[in-house]
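These are the residues of each chain, in order.
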Amino acid sequence: MTIRSVLVANRGEIAVRIIQACKALGIRAVQVHSAADADSLAVRLADDAIEIGPPPAAKSYLNIDALLEAAHAAGVDAVHPGYGFLAENADFADAVAAGGFIFVGPDGDSIRLLGDKVAARQVAVRAGVPTVPGSDGRVENFDEARDIVATIGFPVMIKAAAGGGGRGIRVATNLDEFERLFPQASAEAASSFADGGLYVEKLIDPARHIEVQILGDGERFIHCYERECSMQRRRQKVWEEGPAFDLPTTVRDAMCASAVALAAEVGYRGAGTVEFLYDPSAQSFYFIEVNTRIQVEHPVTEMITGIDLVQSMIRIAGGEPLSIRQDDVVVNGHAIECRINAEDPENDFRPWPGTIETLRVPEGEGIRFDSLLYAGYTVPPFYDSLLGKLIVHDRDRNTCLAKLSETLKGLQVTGIPTTIPLHARLAEDPAVVAGRIHTRFLETWLNR
Amino acid sequence: MSKAQVMSSLPGTFYRKPSPESPPFKQDGDPVSAADVIGLVELMKNFEEITADVDGKAITFLVEDGEAIMAGQAIAEIES
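Here the structure is a predicted model, which means the values were calculated and not measured.

Quick notes on the overall build of chain A
Helix and strand content of chain A: 15 helices and 22 strands. Considered along the principal axes of its C-alpha atoms, chain A spans approximately 60 × 50 × 45 Å. Looking at chain A as a whole, 58% of its 448 residues qualify as buried. Across chain A, the fraction of contacts at a sequence separation of at least 24, relative to all contacts at a separation of at least 6, is 65%.

A closer look at the overall build of chain B
When you go through chain B residue by residue, the secondary structure sums to zero helices and seven strands. For 80 residues, the compact-globule formula gives about 12 Å, and the C-alpha radius of gyration of chain B, at 12 Å, lands near that figure. Seen through its principal axes, chain B has C-alpha atoms that stretch 35 × 25 × 20 Å. Relative to its 80 residues, chain B shows a buried fraction of 38%. In chain B, once contacts between residues fewer than 6 apart in sequence are set aside, the share between residues at least 24 apart is 58%. Carbon and sulfur atoms make up 50% of the accessible area of chain B, which amounts to about 4200 Å² in all. When the 6 positive and 14 negative side-chain charges of chain B are each reduced to one mean point, those points stand 3 Å apart.

Here's the deal with the packing of aromatic side chains
Applying the stated criterion across every chain, the model contains twelve aromatic pairs over all chains. With 6.0 Å between their ring centres and 85 degrees between their planes, Phe 92 of chain A and Phe 103 of chain A make a pair best called edge-to-face. A residue pair is termed long-range when its members are at least 10 positions apart, and Phe 92 of chain A in helix α4 (residues 90-98) and Phe 103 of chain A in strand β5 (residues 102-103) qualify at eleven residues. What makes Phe 103 of chain A buried here is its relative accessible area of 8%. Seen from their ring centres, Phe 14 of chain B and Phe 61 of chain B are 6.4 Å apart, and the 35 degrees between their planes marks the pair as tilted. Of this pair, Phe 14 of chain B sits in strand β2 (residues 12-15) while Phe 61 of chain B sits in strand β5 (residues 58-61), and the two are 47 residues apart along the sequence. By relative accessible area, which is 0% here, Phe 14 of chain B ends up buried. A relative accessible area of 9% means that Phe 61 of chain B is categorised as buried. Among the aromatic residues, ring-to-ring pairing joins Tyr 61, Phe 85, Phe 382 and Tyr 383 of chain A into one connected group. In this structure, Arg 350 of chain A is placed above the aromatic ring of Trp 352 of chain A, and the distance from its NZ or CZ to the ring centre is 4.8 Å. Geometry around Phe 245 of chain A places Arg 397 of chain A over its ring, the cationic atom sitting 4.3 Å from the centre.

As for the pairing of strand β12 (residues 269-279) of chain A
Residues and elements named next belong to chain A. Taken across its eleven residues, β12 has ten buried, putting it largely inside the fold. In the sheet, strand β9 (residues 208-217) pairs with β12 via ten bridges, with the strands oriented antiparallel. Following the sheet pairing, Gly 216 is matched in β12 by Gly 270. In this antiparallel pair of consecutive strands, β12 and strand β13 (residues 284-291), the connection spans four residues, and Gln 283 shows a positive phi of 50 degrees.

A short note on the sheet that holds strand β4 (residues 78-80) of chain A
Residue and element names in this part refer to chain A. Sheet architecture is open: five strands sit in the order β3-β2-β1-β4-β5, paired in parallel fashion. Only two strands of the sheet have a single neighbouring strand rather than two, namely β3 (48-53) and β5. The sheet strands contacting helix α3 (residues 64-74) are β1 (5-8), β2 (28-34), β3 and β4, and the helix crosses β3 at an angle near 150 degrees.

A look at the pattern of salt bridges
Residue and element names in this part refer to chain A. Per the stated rule, a full pass over the model turns up 38 salt bridges over all chains. Lys 389 is the partner of Glu 13 in a salt bridge, and the nearest nitrogen-oxygen pair spans 2.9 Å. Within this pair, whereas Glu 13 is found in helix α1 (residues 12-25), its partner Lys 389 is found in strand β21 (residues 386-394), the two being separated by 376 residues in sequence. When sorted by exposure, Glu 13 lands in the same class as Lys 389, which is buried. The closest approach of N and O atoms between Arg 440 and Asp 205, which form a salt bridge, is 2.9 Å.

What counts and what doesn't
Residues numbered from 1 in each chain as written. Chains lettered and ligands numbered in written order. Predicted model: local features only at pLDDT ≥ 70, side-chain atom pairs only at ≥ 80, totals over all residues. Heavy atoms only, no water. Helix = DSSP H or I, 4+ residues; strand = E, 2+ residues; numbered from the N terminus. Buried < 20%, exposed > 50% of the residue type's maximum accessible area, 1.4 Å probe, protein only. Contact = heavy atoms within 4.5 Å. Rg over C-alpha atoms; globule rule 2.2 N^0.38 Å. Areas by Shrake-Rupley, 256 points an atom, 1.4 Å probe, with all protein chains shown as cover. Lys, Arg positive; Asp, Glu negative; His and termini not counted. Charge placed at Lys NZ, Arg CZ, Asp CG, Glu CD. Phe/Tyr/Trp six-rings, centres within 6.5 Å; stacked < 30°, edge-to-face > 60°. Lys NZ or Arg CZ within 6 Å of the ring centre and 35° of its normal. Pairing = 2+ DSSP bridges. Axes fitted to C-alpha atoms, helices over the stretch in contact; angles between N-to-C directions. Salt bridge = Lys/Arg side-chain N within 4 Å of Asp/Glu carboxyl O.

This is the structure we're talking about:
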């Protein structure tokens, strides 16, 4: 492999995870850090560390010039972007390549193509992947939009073509509402994104969020089965599992084949995730988007398939052909991941930085804890509240839930409030145990 | 003439503008009312508004846009 050293251009638990993968591959890991992260676990574990700027992310982890300067100073071969920050920034991928480094991920053009919602949907259509009924791309004007919703039926969502993170989305349940909301959505999109372009699509509700892990080396493309990610709060995943429960084999096969077809359509290189909405009553699935990076919830797939996704993406970036064949990918048992956040579930999930007093992590077969924590560490206020992930694996979903419950009782993080108590309640909730989960489940459950 | 300090109860990143493209909530020297928003604090990706809490003739900022702040830090002074 051509990669002997990697700049870890991220922070937190994913930086720790990337360093571990580098160590396993015999690669030198150089960790960048802001002034607030000098004491981080990633900095402690890396072979070298370079400070890149003051605490606010805009001046450090999002500063492309500072990151490239660090890459040159460290003399690395490659840059791993992790997730969040610049991981799906096509200009960053281009700048890394132009600087003479390998970007661990697809090239800038692929990120650009798949990051544009309308373009990505067109790729999906070309690859024969089912898409949510709606306008194929932007609607030119209100009359065109009204004709489309007359065909697909209500309820419909009106979305900003350039939007993200749920901003600019409106739901109309009838034509009167649609006529009222369409101009509002256009005005909001124009002011938020400097682009008033809209598209419309049918609202699938209740729906489940199921995503397929893919790997590609530019010539061969495989899937590593799916993850169920419907447990969400404010569109943020809270708990993920794999495989998706009660998914008919024909649906699973078609969904995974769709993800591979989409990867092949763009000649995908690296690890990626194809997200789908699943309508359980119709047993239909629809393409949502592609994430061109490693996901927070990747350990679920690693636990049930035994494939190391982070090592795989580094090997692919280094020019190695994909060593795994589709037939080699076999699902073994069930895994659940709980995101442990520095938030108080008793106080409307108020974020809570501070010092970790004690940390006790149960150990055992099928228990994994990916985190940025150590006792005495002070969680800074500047970044995401994700402290770590508890992942539990067992032979089936019921034994996995029982093991999760037991493990959560032994997992101790004191000094700041965390979401551990929320997960302990969820793991024993009858609706969760019965698998009655959809994308609005958790918010409804929290408001009981 | 007396001066009141505006403190942030939260640590995080202080912003003087509602979004990067917008003009600042207040310029140095602007008069303020108690209910006026004068800035935002980003704490772990959550944004909290900071209000002046007192009426005054002129505000002077002590912290730049996008600067890291500690809990309890004074971010502005207001002349009454």
